[in-house]
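# Observations on the model geometry
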Amino acid sequence: EAAVTQSPRSKVAVTGGKVTLSCHQTNNHDYMYWYRQDTGHGLRLIHYSYVADSTEKGDIPDGYKASRPSQENFSLILELASLSQTAVYFCASSAGTGGYQDTQYFGPGTRLLVL
Amino acid sequence: GDSVTQTEGQVTVSESKSLIINCTYSATSIGYPNLFWYVRYPGEGLQLLLKVITAGQKGSSRGFEATYNKEATSFHLQKASVQESDSAVYYCALSGQVVGQLTFGRGTRLQVYA
């Protein structure tokens, strides 16, 4: 069974502080993704990566950095957290893109509250 | 860009009744996107419910089914008889041209009562 874990599961941060969200997958997948979800909206892609030591911008990268130090680990970094970044964050992985490879496997999510 | 529309934010159904959750899409980046339904149970992450990659075909899982209708650009989720354990949030999604990118609908919360 594919496994994606996230830590922490919830966090309260102060405005202007630094926040790091971590994701670990044991699927041996090349692709990893970070999404955010706001209440009443679908998931939106922040950053993704298809190989270690490389990251790509998604639809809404402003205010976020990503780091992929190894195939298994993918972090999302908020250098200066803002109120507007309060959301639920999901990490996902996939074997590839297109055809039968693009199914993404998701972690349980991290609920971030910025005060 | 690509988009997915789920018109209902919440659906409430009595146990053993039938269900349909509507999903329509617009895929400007690719002619034949792959289409997905994901489900999120309380306290858990999203998990794949079903996926269809060929227009005209039907996918099914756990009693749910959805047909890829290219003409209507729809991918509605149906179940003949729902159970309380089906209560969850359901997301329709498509994969387009952009590498690895899934475009999601806003989700439909299904509440099944006994």
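All of the points below concern the structure found in this document.

What counts as what
- Residues numbered from 1 in each chain as written.
- Chains lettered and ligands numbered in written order.
- Predicted model: local features only at pLDDT ≥ 70, side-chain atom pairs only at ≥ 80, totals over all residues.
- Heavy atoms only, no water.
- Helix = DSSP H or I, 4+ residues; strand = E, 2+ residues; numbered from the N terminus.
- Rg over C-alpha atoms; globule rule 2.2 N^0.38 Å.
- Buried < 20%, exposed > 50% of the residue type's maximum accessible area, 1.4 Å probe, protein only.
- Lys, Arg positive; Asp, Glu negative; His and termini not counted.
- Charge placed at Lys NZ, Arg CZ, Asp CG, Glu CD.
- Salt bridge = Lys/Arg side-chain N within 4 Å of Asp/Glu carboxyl O.
- Pairing = 2+ DSSP bridges.
- Contact = heavy atoms within 4.5 Å.
- Buried area = accessible area lost by both parts, 1.4 Å probe.
- Nonpolar A, V, L, I, M, F, W, Y, C, P; charged D, E, K, R; others polar.
- Core = buried A, V, L, I, M, F, W, Y, C linked by side-chain atoms within 4.5 Å.
- Axes fitted to C-alpha atoms, helices over the stretch in contact; angles between N-to-C directions.

## Quick word on the overall build of chain B
- The helix and strand tally for chain B stands at zero helices and twelve strands.
- For chain B, the N- to C-terminal ordering of α and β elements is β-β-β-β-β-β-β-β-β-β-β-β.
- Taking 13 Å as the expected radius of gyration for a compact globule of 114 residues, we find that chain B reaches 14 Å, a close match to that expectation.
- Across its three principal axes, chain B shows a C-alpha extent of roughly 45 × 30 × 20 Å.
- Among the 114 residues that make up chain B, the fraction classed as buried is 46%.
- Of the charged side chains in chain B, 9 are positive and 8 negative; the average position of the first set lies 3 Å away from that of the second.

## Things to note about unusual backbone geometry
- Cis geometry is adopted by the peptide bond preceding Pro8 of chain A, which originates at Ser7 of chain A and carries an omega value of -10°.
- Positive phi, normally seen in glycine, also occurs at Arg62 of chain B, with a value near 55°.

## Some points on the pattern of salt bridges
All names here are of chain A.
- Inspection of every chain in the model, using the stated rule, returns five salt bridges over all chains.
- Between Lys65 and Glu79 there is a salt bridge, with the nearest N and O atoms lying 3.4 Å from each other. Taken together, the positions of Lys65 in strand S7 (residues 65–67) and Glu79 in the loop between strand S8 (73–78) and strand S9 (87–94) put the pair 14 residues apart, joining distant regions of the chain.
- Within the structure, one salt-bridge network assembled from shared partners comprises Arg36, Asp38 and Arg44.

## What about the pairing of S8 of chain A?
All names here are of chain A.
- Of all six residues in S8, five are buried, a share of seventy percent or more.
- Pairing analysis gives three bridges linking S7 to S8, with the strands arranged antiparallel. Note on S8: the bridge partner recorded for Ala66 is Leu76.
- Counting the residues that bridge the hairpin from S7 to S8 gives five residues.

## Focus on the interface of chain B and chain A
- Each side of the interface is counted separately: chain B has 20 residues, and chain A has 25 residues.
- Taken together, the two surfaces of chain B and chain A that pack against each other cover about 1700 Å², and 52% of this comes from carbon and sulfur.
- Secondary-structure elements contributing two or more residues to the side of chain B that touches chain A are strand S5 (34–40), strand S6 (46–52), strand S10 (88–95) and strand S11 (102–104) of chain B.
- Considered class by class, the residues forming the side of chain B that touches chain A number nine nonpolar, seven polar and four charged.

## Quick notes on the nonpolar core
- Residues Leu19, Trp37, Leu49, Leu50, Phe75, Leu77 and Tyr90 of chain B are the most contacted members of the largest nonpolar core, which totals 26 residues.
- With four residues, the top contributor of residues to this core is S10 of chain B.
- Among residues more than four places away in sequence, those in contact with Leu50 of chain B are Leu35, Phe36, Trp37, Gly59, Ser60, Ser61, Phe64, Glu65, Ala66, Phe75 and Leu77 of chain B.
- Residues Ala13, Cys23, Ala81 and Cys91 of chain A belong to the second largest nonpolar core, which totals 19 residues.

## Comments concerning the sheet that holds strand S9 (residues 77–79) of chain B
All names here are of chain B.
- As summarised here, the arrangement of the four strands in space is S3-S9-S8-S7, forming an open sheet in which the pairing is antiparallel. Across the chains shown, the open sheet's two edge strands, defined by having one partner strand only, are strand S3 (19–21) and strand S7 (58–61). Direction aside, the axes of adjacent strands within the sheet are offset by 20° on average.
- Bridge analysis of S3 against S9 gives three bridges, and the strand direction is antiparallel.

## A short note on the side chain of Ser95 of chain B
- When you line up the elements, Ser95 of chain B lands in strand S10.
- Ignoring anything within four residues of it in the chain, the contact list for Ser95 of chain B reads Asp102 of chain A together with Ile30, Pro33, Asn34, Phe36, Gln101 and Leu102 of chain B.

## Observations concerning the sheet that holds S7 of chain A
All names here are of chain A.
- Strand order in the open sheet made by the four strands is S1-S3-S8-S7, with antiparallel pairing throughout. The open sheet is flanked by strand S1 (4–7) and S7, the only strands paired with a single partner. Sheet twist, expressed as the average angle between the axes of neighbouring strands with direction ignored, equals 20°.
- Judged from the six bridges that link them, strand S3 (residues 19–25) and S8 form a sheet pairing that is antiparallel.

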